[in-house]
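One letter stands for each residue in the lines below.
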Amino acid sequence: MRPPLLLGAALLIAMAAAARPAAAQPNPGWIRVAIARNDPQVTLQILGRYTLFALHTGHAIHQAPRLLSVPVRGVPQGLALGEQIVPFLGVRIEPARDAAINVNGRRLRGTIEIVRQKDMTLLVVNHIALEDYLRGVLSKEAPDYWPEEALNAIAIAARTYAVYQRFSKEAKDYDVTADVMSQDYGGKTAEKVATSRAVKATTDWIVMYRGALFPTFYHSTCGGVTENGRVMGSSYALPPLVGGIVCRLCTSSPFYSWQRRLTRADVAWALRKSRHGSIGTVRSMEVTRRTAAGRAQTVTIRGALRTLALSGYDVRALFGFERIRSPLFTVVDAGDAFVIDGHGWGHGVGLCQWGAAELARRGFSAREILSYYYPGTELVNVQALSQQPIVLLGGS
Ligand SMILES: [Zn+2]
């Protein structure tokens, strides 16, 4: 393998370490989605015939024509499905072809595994074909009325992100979570015609950078300029995530600009309730350091007792990600309150979805949209991954 010369030394080491022989690679046609991770109980229903297997031996334990809605809990002997005690720490449930599994009201394709963890909570993992998973993701991640080529571009970004997670989480119990920490996944319940059509139209296509997989981060609205992947961790300062792409395309997004007012008391109260703790009466709050793209990197809050330096992410976490929609903001001291003037929604790394929609409206193809937001990348068929050792960029 000859890595590209412009990459930094740390990255070269990461790339070399991540290159694995093909035999050890996971099958990119499937993905493991954590539906529940530390839940004391989930509700399970199976609409149709199913088989229950012991996870560790692979032996069939039980078969039935259906399972009425039951609570599943961890018990000292193993698992309890309603009144029935299953003396195993983990089970796999395989529905018959025409049957469907429902977990906590969400209808899922594929099979599920339920594992009782040491603390008696449950880990529920949905094993699902990648393309089926994407149908349940895209409908949650993009509006179904958007132009076809925008949906196609987002489908390819979502698929690439999933495949990247699959390859980088191989040794873990699951590849992705079902929430926005990975990609929002609604299962079969959430599927819509137009978004499913985009998944089908782009089947197997992903983007790669010089033959390497990287996490194709995307977000709702960049608010004017995309961000460097470094904000997700130093290893994500990658050429296709270099950011700084001026995007005047997402201005029609309802989140293009927004404003929030935080009173001094709001700030003091939020800090007192958080892990940061009280800083006394709030004296000032200002952005003291910005990223090259202009997002708040350090926000300094001075209090009567002490001064606190928070990251843009910390500030969003502190006041709520829905309230402070992005780190692209300015803070103005308006006496009794701080006025936060912001642009965009999300971290700003990678593809801007509202920008992608506008590019599609202007006649650009999915491929052109992807190379606009992920410079230097090309489309690759995921099947090709099984024929060569995969190089992963980013991550630890
Ligand atoms: Zn944008």
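Note that the structure is a prediction, hence the values are computed from the model and not measured. (Residues numbered from 1 in each chain as written. Predicted model: local features only at pLDDT ≥ 70, side-chain atom pairs only at ≥ 80, totals over all residues.)

Assigned secondary structure in the protein chain consists of eight helices and 25 strands. Radius of gyration (C-alpha) of the protein chain: 23 Å, near the 21 Å computed for a compact globule of 396 residues. Seen through its C-alpha atoms, the protein chain measures out along the principal axes to roughly 65 × 50 × 45 Å. When contacts within the protein chain are restricted to residue pairs at least 6 apart in sequence, those whose partners lie at least 24 apart make up 68%. (Helix = DSSP H or I, 4+ residues; strand = E, 2+ residues; numbered from the N terminus. Rg over C-alpha atoms; globule rule 2.2 N^0.38 Å. Contact = placed C-beta atoms within 7 Å.)

Two elements in contact, helix α2 (residues 130-141) and helix α4 (residues 193-201), have axes separated by 9 Å at closest approach and are oriented at 140°. Between α2 and α4, the interaxial angle falls into the category oblique. Handedness of the α2/α4 crossing: right-handed. Contacts between α2 and α4 involve Glu131, Leu134, Arg135, Leu138 and Ser139 from the former and Thr195, Ser196, Ala198 and Val199 from the latter. (Axes fitted to C-alpha atoms, helices over the stretch in contact; angles between N-to-C directions. Parallel < 35°, antiparallel > 145°, perpendicular 65-115°, else oblique. Left-handed = near helix turned anticlockwise from the far one by under 90°.)

Next up on the list: helix α6 (residues 312-319). Residues of α6 that are buried: Gly312, Val315, Arg316 and Leu318. All buried residues of α6 project into a common sector of 160° when viewed along the axis, lining one side. Gly320 lies just past α6 and shows a positive phi near 105°. (Buried ≥ 20, exposed ≤ 12 C-beta atoms within 10 Å, placed from the backbone. Arc of directions from axis to C-beta.)

Further remarks concern the domain arrangement of the protein chain. Domain parsing of the protein chain yields domain 1 (9-24 + 132-249 + 348-392), domain 2 (41-120) and domain 3 (257-343). For domain 1 versus domain 2, the separation of C-alpha centres amounts to 32 Å. On the side of domain 2, six residues touch domain 1, which itself brings five residues to the contact. Residues of the side of domain 1 that touches domain 2, tallied by class, amount to no nonpolar, three polar and two charged. (Domains from an automatic or database assignment. Nonpolar A, V, L, I, M, F, W, Y, C, P; charged D, E, K, R; others polar.)

The next thing to look at is the sheet that holds strand β22 (residues 337-343). Taking strand neighbours across the sheet as the criterion, the three strands line up as β17-β22-β21 in an open arrangement whose pairing is antiparallel. Only two strands of the sheet have a single neighbouring strand rather than two, namely β17 (257-263) and β21 (329-333). Geometrically, the sheet is characterised by an average inter-axis angle of 20° between neighbouring strands, direction not taken into account. (Pairing = 2+ DSSP bridges.)

With that settled, consider the nonpolar core. Val33, Leu138, Ile154, Leu213, Ala356 and Ile369 are the most contacted members of the largest nonpolar core, which totals 91 residues. Here this core gets 13 residues from one element, more than from any other, and that element is helix α3 (residues 148-168). Counting contributing residues per domain, this core is built from domain 1 (9-24 + 132-249 + 348-392) and domain 2 (41-120), each supplying no fewer than three. Non-local contacts of Val33, meaning those with residues more than four positions away in its chain, are made with Val125, Asn126, Ile128, Tyr133, Tyr174, Val176, Ala178 and Tyr185. Leu262, Val282, Met285 and Ala296 belong to the second largest nonpolar core, which has 16 residues in total. (Core = buried A, V, L, I, M, F, W, Y, C linked by C-beta atoms within 7 Å.)

On strand β9 (residues 100-103), burial follows the alternation: Ile101 and Val103 on one face are buried, whereas Ala100 and Asn102 on the facing-out side are not. Examined bridge by bridge, β9 and strand β10 (residues 106-108) share three bridges and lie antiparallel to one another. Note that in β10 the partner of Val103 across the bridge is Arg106. Hairpin remark: β9 followed by β10, antiparallel, with two residues in the connecting loop; positive phi at Asn104, about 50°.

This part covers the environment of Ala360. Structurally, the position occupied by Ala360 is in helix α7 (residues 353-361). Sequence separation between Ala360 and Asn152 is 208 residues, and the spatial gap between their C-alpha atoms is 9.7 Å.

Right, let's talk about the packing of α3 against α4 for a bit. Interhelical geometry of α3 versus α4 gives an angle of 65° and a closest axis separation of 8 Å. Remark: the crossing between α3 and α4 carries right-handed chirality. Together, Glu148, Leu151, Asn152 and Ala155 of α3 and Ala194, Thr195, Ala198, Val199 and Ala201 of α4 make up the contact between the two elements. For the contact of α3 with α4, the class distribution of residues is six nonpolar, two polar and one charged.

Relative to strand β19 (residues 296-303), strand β18 (residues 282-290) runs antiparallel, the two being bridged by seven bridges. Bridging across to β19, Met285 finds its partner in Ile301. The antiparallel pairing of β18 with β19 creates a hairpin that spans five residues between the two strands, and Gly294 there sits at a positive phi of about 105°. The pairing of β19 with strand β20 (residues 307-310) spans four bridges and is classified as antiparallel. Across the sheet, Thr300 pairs through a bridge with Ala309, a residue of β20. Between β19 and β20, which pair antiparallel one after the other, the connecting turn spans three residues.

Its place among the elements puts Arg272 in helix α5 (residues 264-273). Those residues in contact with Arg272 that sit more than four places away from it in its chain are Gly277 and Ser278.

Another aspect to go through is the sheet that holds strand β8 (residues 90-95). Overall, mixed pairing links the seven strands, which are arranged β4-β3-β8-β11-β12-β1-β13 in an open sheet. In the strand order of this sheet, the two ends are held by β4 (60-64) and β13 (176-177), each with one partner. Two elements, strand β1 (residues 30-39) and strand β12 (residues 122-129), share seven bridges in a ladder whose sense is antiparallel. Looking at β12, one finds that Val33 is bridged to Asn126.

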